[in-house]
Amino acid sequence: MLSGERKEGGSPRFGKLHLPVGLWINSPRKQLAKLGRRWPSAASVKSSSSDTGSRSSEPLPPPPPHVELRRVGAVKAAGGASGSRAKRISQLFRGSGTGTTGSGGAGGPGTPGAAQRWASEKKLPELAAGVAPEPPLATRATAPPGVLKIFGAGLASGANYKSVLATARSTARELVAEALERYGLAGSPGSGPGESSCVDAFALCDALGRPAAGAVGSGEWRAEHLRVLGDSERPLLVQELWRARPGWARRFELRGREEARRLEQEAFGAADGDGTGAPSWRPQKNRSRAASGGAALASPGPGSGSGTPAGSGGKERSENLSLRRSVSELSLQGRRRRQQERRQQALSMAPGAADAQIGPVDPGDFDQLTQCLIQAPSNRPYFLLLQGYQDAQDFVVYVMTREQHVFGRGGNSSARGGSPAPYVDTFLNAPDILPRHCTVRAGPEPPAMVRPSRGAPVTHNGCLLLREAELHPGDLLGLGEHFLFMYKDPRAGGSGPARPPWLPARPGATPPGPGWAFSCRLCGRGLQERGEALAAYLDGREPVLRFRPREEEALLGEIVRTAAAGAGDLPPLGPATLLALCVQHSARELELGHLPRLLGRLARLIKETVWEKIKEIGDRQPENHPEGVPEVPLTPETVSVELRPLMLWMANTTELLSFVQEKVLEMEKEADQEDPQLCNDLELCDEAMVLLDEVIMCTFQQSVYYLTKTLYSTLPALLDSNPFTAGAELPGPGAELGAMPPGLRPTLGVFQAALELTSQCELHPDLVSQTFGYLFFFSNASLLNSLMERGQARPFYQWSRAVQIRTNLDLVLDWLQGAGLGDIATEFFRKLSIAVNLLCVPRTSLLKASWSSLRTDHPTLTPAQLHHLLSHYQLGPGRGPPPAWDPPPAERDAVDTGDIFESFSSHPPLILPLGSSRLSLTGPVTDDALHRELRRLRRLLWDLEQQELPANHRHGPPVATPP
């Protein structure tokens, strides 16, 4: 909307309006009749805000593809698609104007990056995770990623190996898939089962060998040992922990699975024939008791399919136990003595042991009694089982062997593409336990954090847990309907609470916060105490607004309708504050998938409301006036009243967008990266932020449209009025509007109305400067084009007329300097100032100047504009321009073909601020009007909750008793 183009065959005059609708009108009456109030086209405001288009089909069209959103104060080119998810969210506001390929931009339609977008972004937690799932050593928990060379013998001509980026969590199956893609053998992204079968046909092999004899330095390789890696093995850890002996080398080879198995069997057979006894390379299928409850000691059942004879499991276990005892053979006597002491202690705990005579007892009974004497670890956190599912299989103590501990059911590989099952530390076999149920992080410093997986039933001290929460020693953690644990951390010492939080409150104890009144019913407090807590919440000044998901639609609709109607005396940013409280409650209290749905509903409500406001303004300012009815031009007072609702929504949406972006980044950081729904949630959040982005662009465009429409009728006075009227004294800097010359007051009145409007609506300072930047850009281009046009029709380029224009322009710049807009005005009025300065040069000095010197002194003027001013300069009757003013042959083409008029399409781009939100949601609500509205909404939610109850259970909101 902010661009205009000159018609072919005609030269624009000032009488033709250069407004941001891309239209040229022949007369002011027809001009204003054809002004369009619509969503801008792609050729309007340049932007690079979003790489995601609007997915709605509502009347509000998508924004131009060029709006740029940057951090406050930063103006630089936007990048393409980003590898990390956190950078990709900021790229939503940065841009697709640069660095994109194809027709759809990064990740858009027509680009190959769209199909593989999430495949690469899923590696963010792998590259940034501080703790690996199965760290071989504590010091290797934060090992950086590495590059593995995967050799593919005969897979592709001319390719010896392909490099693949791997982390400590990368499995062999994942690297096979990436290597096949590098070799061009994998199916296209999203090909479904075909791609999985392609990966299943190949295996990653760990090959040990030496350079061929007599070929040292030639690069020839002779493999002597080959092992097929399991799909879940970690090649990077294998390479790091099991290094080849001197003279040997290791490399990873990609071979067909059948061929690799055959070569492996042949190698093992040859080793057995030589009597060397090749290792079995059997993967460890059972975990240690510390991680998953002692499954390593359980012998395989008869249905395990191992093919071993009956009783071999027990024999193997006894051999393992013997091997384990052999480590301490030097202290065998001390071990036996300690075992005897434990047996005596176990017998002393039996009823009647003091009176009974200790006779010969079966040693197996002593071992069983000894196992019951469990000593908890003293240097690691652990979970004490209070209730389990199967007593025969559950253990009493579950020790945390890593900083991040995962509870889950485990299981076989996932059905989707054969991906490996999620890593689990503690296996729980209850039917309501999810494969990845709950994650606990306990670092060196307290407190620990517990985070439930999506859809997993988890309770914390008896309350349903939906989001990540702190876990203190003594807290109760319930998983599903069967398991109940107590968290213990011996490292904390006496720093934990002296009284567990789940115990009933003592009489006279201080009531907890108002949130307890909505959830807790088990603390032993009376109805009166709960009523007082609820009354304190309803009338309190804390920035909190609690609601249930079923009341969300009514609450958001009430806030938006109140803001649109202008009811009450809310502060300018009051609607954004109330909506941010809703977003904050959803992000902290409600389930994980609720925030994206709330953001989508909120963005659609705001978009529909703004569109209705734009249509109302269009109805009051019709495009086509009835015949015979004079058209009344817009005044600064009228345009200020019309634009106030749009300016308020622009200010509120800008702050709300910054707040939402912060919450989305927090949600992504805190979410479980293994959650399959996380990508979908982030996509929904992106779509909601795109809609908010559109609202800001549209309100900005409509605001500058009506302001420039008002400026149209006032700008000609800057070229025509004479500031040196009889008896008039020129005002100094900082003068009031009434002291300015009459010809300048209308134009300055529009600037003053826009300045007051942005201040009253508390518009973001970056958007204020950009609003005036476009107003000054429009004024400079319109006045310069009119100056070029007037020199053609009649003598206009005279020294006396130029001095009047220069004085008017100086008075305008001085007034804007006093209003705090001097720097912006000086920048955008530079070209007009230089053109007027050229005409203000005395005639004698101008005649002595040459073309080259004038080009040097006036660099912003194009050769065509400079030649136009000089060729029409009035030197006197019968005098033409001197030969020194003729352009050289090198610039003759630029003079003949160049355009003397300024283009309205070169306006500055709209850059939306991306700094931290200016909304204050931390301290008490100090504004009385906002507090009254917050109380009204809380009582509205209370009434909605009471309407769902039977009539005999309803009661009005409680009233707090005075102290």
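These figures come from a predicted structure and were not determined experimentally.

## Section: the sheet that holds strand β6 (residues 249–256)
Overall, mixed pairing links the five strands, which are arranged β3-β2-β6-β4-β5 in an open sheet. A single partner strand is all that each edge strand has here, and the edge strands are β3 (161–166) and β5 (221–228). The sheet shows a mean angle of 40° between the axes of neighbouring strands, direction not considered. Where strand β4 (residues 202–211) meets β5, seven bridges bridge the pair, whose relative direction is antiparallel. The partner of P211 across the bridge, within β5, is W221. Contacting β2 (146–151), β3, β4 and β6, helix α5 (residues 172–183) crosses the sheet at an angle of about 135° to β3.

## Here we look at the pairing of β6
Within β6, six of the eight residues are buried, which leaves the element mostly enclosed by the surrounding structure. Pairing of β4 with β6, which is carried by eight bridges, proceeds in the antiparallel orientation. Opposite F202, over in β6, you have G256 as the bridge partner.

## Here's the deal with helix α15 (residues 552–565)
Along its 14 residues, α15 runs 20 Å from first to last C-alpha, staying within 8% of the 20 Å computed at 1.5 Å per residue. Taken together, the buried residues of α15 touch α16 (574–589), α17 (594–620), α18 (636–670) and α30 (928–947).

## A word on the pattern of salt bridges
Scanning all chains against the criterion turns up 34 salt bridges. Across the salt bridge formed by D489 and R491, the nearest N and O atoms sit 3.1 Å from each other. Its relative accessible area of 14% is what places D489 among the buried residues. Classification of R491 as partly exposed rests on a relative accessible area of 37%. In this structure, the salt-bridge partner of E642 is R620, at a minimum N-O distance of 2.9 Å. Of this pair, E642 sits in helix α18 while R620 sits in helix α17, and the two are 22 residues apart along the sequence. Judged by relative accessible area, which is 11%, E642 ranks as buried.

## What to know about the nonpolar core
One finds L545, L599, I606, F776 and L787 to be the most contacted residues of the largest nonpolar core, which totals 135 residues. Considering every element that reaches this core, the biggest residue donor is helix α19 (residues 678–712), with 17 residues. Setting aside anything within four residues of it in sequence, one finds F776 in contact with F751, L816, L821, I824, A825, F828 and F829. Counting residues in each nonpolar core, the second largest holds 23 residues, with F383, M400, V440 and A442 among its members.

## Quick look at the packing of aromatic side chains
Overall, the coordinates contain 15 aromatic pairs when judged by the stated rule. Ring centres 5.4 Å apart and planes at 50° place the aromatic pair F383 and Y487 in the tilted group. Of this pair, F383 sits in strand β7 (residues 382–387) while Y487 is found in strand β17 (residues 483–488), placing the two residues 104 residues apart along the sequence. Given the relative accessible area of 0%, F383 is considered buried. Residue classification places Y487 among the buried residues on the basis of a relative accessible area of 2%. Judged by centre distance (6.5 Å) and plane angle (85°), the ring pair of F777 and F904 falls under edge-to-face.

## Quick word on helix α28 (residues 863–871)
Counted residue by residue, α28 has seven buried out of nine residues, so it is predominantly covered. Among the residues of α28, P863, A864, Q865, L866, H868, L869 and L870 are the ones counted as buried.

## Overview of empty space enclosed by the protein
Inspection of the entire model under this criterion finds six cavities of 30 Å³ or more. Looking at the largest cavity, its volume works out to about 60 Å³. Lining the largest cavity are R451, R467, E468, L592, M667, E670 and A671. Here the lining of the largest cavity is composed, by residue class, of three nonpolar, no polar and four charged.

## Side note on the packing of α17 against α18
The interhelical angle for the contact between α17 and α18, taken along N-to-C directions, is 165°, at an axis separation of 11 Å. In terms of axis orientation, α17 runs roughly antiparallel to α18. Both α17 and α18 take part in a crossing whose hand is left-handed. The segment α17 lies against α18, with L595, L599, L602, I606, T609, V610, K613, I614, I617 and R620 engaging E642, P645, L646, W649, T653, L656, V660, V664 and M667. Taken together, the residues of the contact of α17 with α18 sort by class into 14 nonpolar, two polar and three charged.

## What to know about unusual backbone geometry
A cis geometry characterises the amide bond from P446 onward to P447, with omega recorded as 0°. Tracing the sequence through the fold places P447 in the loop between β11 (438–441) and β12 (448–452). Positioned with a positive phi, N461 is a non-glycine residue whose angle comes to about 55°. Residue position: N461 is located in the loop between β13 (458–460) and β14 (463–464).

How each quantity is defined
- Residues numbered from 1 in each chain as written.
- Predicted model: local features only at pLDDT ≥ 70, side-chain atom pairs only at ≥ 80, totals over all residues.
- Heavy atoms only, no water.
- Pairing = 2+ DSSP bridges.
- Helix = DSSP H or I, 4+ residues; strand = E, 2+ residues; numbered from the N terminus.
- Axes fitted to C-alpha atoms, helices over the stretch in contact; angles between N-to-C directions.
- Contact = heavy atoms within 4.5 Å.
- Buried < 20%, exposed > 50% of the residue type's maximum accessible area, 1.4 Å probe, protein only.
- Expected span 1.5 Å × (residues − 1).
- Salt bridge = Lys/Arg side-chain N within 4 Å of Asp/Glu carboxyl O.
- Core = buried A, V, L, I, M, F, W, Y, C linked by side-chain atoms within 4.5 Å.
- Phe/Tyr/Trp six-rings, centres within 6.5 Å; stacked < 30°, edge-to-face > 60°.
- 1 Å grid on protein atoms, 1.4 Å probe; cavity = no way out; pocket = protein on both sides within 12 Å on 5 of 7 lines; lining within 4 Å.
- Points joined across faces, edges and corners; volume = space filled by probe spheres on them.
- Nonpolar A, V, L, I, M, F, W, Y, C, P; charged D, E, K, R; others polar.
- Parallel < 35°, antiparallel > 145°, perpendicular 65-115°, else oblique.
- Left-handed = near helix turned anticlockwise from the far one by under 90°.

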